[in-house]
Amino acid sequence: MFKWFALVLCLCTTFAYAQESEDDGEIAISAVPASKDAIYSANNNINYKIDLKNTFNTRQTGTVGYRVLAMDDKEIIQKNENINIGRKGSKSLTLRIPPQQAGFYKVQFMVNFPEYDDTVRRTFGVDPEKIKSQHAAPADFDSFWEKTLADLAKVNGNFKVTEMPDSAQDNRRVFAIEMKSLGDITVRGWMTIPNTTNKRKRFPVLLGLPGYQVNLKPMFGSDEDLAIVVINVRGQGNSRDRIRTLRDDYIFTGLEDKNRYVMRGAIMDCVRMVDFIFSRDELDHDNIMVSGGSMGGFLSIATAALDHRVKLCSAQNPILCDVKALPGKVNWPLRDFNRYVRANRGLTLEKLLDNLSYFDTKNFAARIKCPTLVGIGLLDHLAPPDNEYAAYNNIPGKKHMIVFRDLGHEVALYYKNYEGRWMRDTFALF
């Protein structure tokens, strides 16, 4: 009896294993654009090479296709075709999407088989240098910021610098910075400079600007000929004396009145840090680069636009580009803007966006005079690539865009390496 039971158990186990091995698998899909950066010309097909790999133990019969959507998710075109892949086999094909008008598009590559479905999501661009915003800058944009700069000039910076010898590393001295900015608000930052016995040495400056609710700390590095200055703008990091909001509330603080919006002061904090740089004899006032990502990218473009003492501007994934074209494309910051509107009687999203136009990255971009480097990810869910190009295309002078086709709200190490070489070449740091 026990031998019979053991035999049945063995047969059942063998059958279960065979059943599991036949059913267990997937159809792996990869989609590679024919264009290196997934940027195409308006007169050409948008071609993608599709590689499929069947890991099932059985032949698979199904469909492969694509679905193209506008950046607001409205469907433009969809197409599928039948396909067979042998047991443990693979297949390659080219999907040809018809030419599209200038802009950016979402594309979904789909495999549908009886035993397996999958979707790969990508974004491609068509003649992005032709993208223009449909929303003009406010007529008094320049006068608004001229008055803001004048208001800042009335505030004595009262710069305080304290060396922090216990924090020194990488052969760099560390200094804590404290100063007064717009509205007599105290903001703080850090400076690190290489140790030197040369009393006449003047260091070019990399001014690092913060991302959203990021607490910047002293920045170090191996550069023996560069000072690194960072700032925590009001309401962030160690500059939260007067403005202490919840993380999600910061983006709309004071936005019902453009003169009270937190970003008005934050931008002036960055300009005030340029004032600080000019107050220091050991810093090279002729060679200043601003750099930042996300909100820091926005602040870099705004600072370079308003303060032409800045000689280079680097912005990665800048937010708040073409703000009136953001609804329908992104959840943030629209989700928090709508929440703020609901909590404030008489306020509308239209009024909020009208005020935000004074802080639109694209409107600052048109006023930049220094060479500018911009990096974007085509899968960015916070700063859509068409909005970023609307800002980039407004920059009138020397500029360069680096596109990362498979990244979201980030840039790859390649960008930072390129930025470093570009800065060192421009500042003659050989």
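### Description of the packing of aromatic side chains
Then comes step 1: Per the stated rule, a full pass over the model turns up 20 aromatic pairs.
Then comes step 2: Here the aromatic rings of Phe104 and Tyr389 are separated by 5.6 Å at their centres, their planes lie at 35°, and the arrangement is tilted. Remark: Tyr389 occurs in helix α8 (residues 385-392) and Phe104 occurs in strand β7 (residues 103-113); sequence separation between them is 285 residues.
Then comes step 3: With 5.4 Å between their ring centres and 25° between their planes, Tyr105 and Phe124 make a pair best called stacked. Of this pair, Tyr105 sits in strand β7 while Phe124 sits in strand β8 (residues 116-126), placing them 19 residues apart in sequence. Here Tyr105 and Phe124 have matching classes, each one buried.
Then comes step 4: Pairwise contacts between aromatic rings join Phe141, Phe144, Trp145, Tyr261, Phe298, Tyr358, Phe359 and Phe364 into one cluster.
Then comes step 5: Here Arg309 stacks its cationic end above the ring of Phe278, 4.8 Å away from the centre of that ring.
Then comes step 6: The ring of Tyr392 is capped by Lys399, whose NZ or CZ atom sits 4.8 Å from the centre of that ring.

### Concerning the sheet that holds strand β5 (residues 75-85)
Then comes step 1: A sheet is described by the order of its strands in space; here five strands give the open sequence β2-β8-β7-β4-β5, paired in mixed fashion. Each of the sheet's edge strands pairs with one partner strand only, and the pair in question is β2 (39-40) and β5.
Then comes step 2: In this sheet, β8 lies alongside β2 in parallel orientation, the contact comprising two bridges. Paired with Ile39 across the two strands is Gly125, which belongs to β8.

### Side note on the confidence of the model for the protein
Then comes step 1: With 95% of its residues at a pLDDT of 70 or more, the protein shows a mean pLDDT of 93.
Then comes step 2: When the criterion is pLDDT under 50, residues 1-21 qualifies, and its contacts beyond four places in sequence or with other chains add up to one contact.

Reading the values: the criteria
- Residues numbered from 1 in each chain as written.
- Predicted model: local features only at pLDDT ≥ 70, side-chain atom pairs only at ≥ 80, totals over all residues.
- Heavy atoms only, no water.
- Phe/Tyr/Trp six-rings, centres within 6.5 Å; stacked < 30°, edge-to-face > 60°.
- Helix = DSSP H or I, 4+ residues; strand = E, 2+ residues; numbered from the N terminus.
- Buried < 20%, exposed > 50% of the residue type's maximum accessible area, 1.4 Å probe, protein only.
- Lys NZ or Arg CZ within 6 Å of the ring centre and 35° of its normal.
- Pairing = 2+ DSSP bridges.
- pLDDT = per-residue confidence, 0-100.
- Contact = heavy atoms within 4.5 Å.

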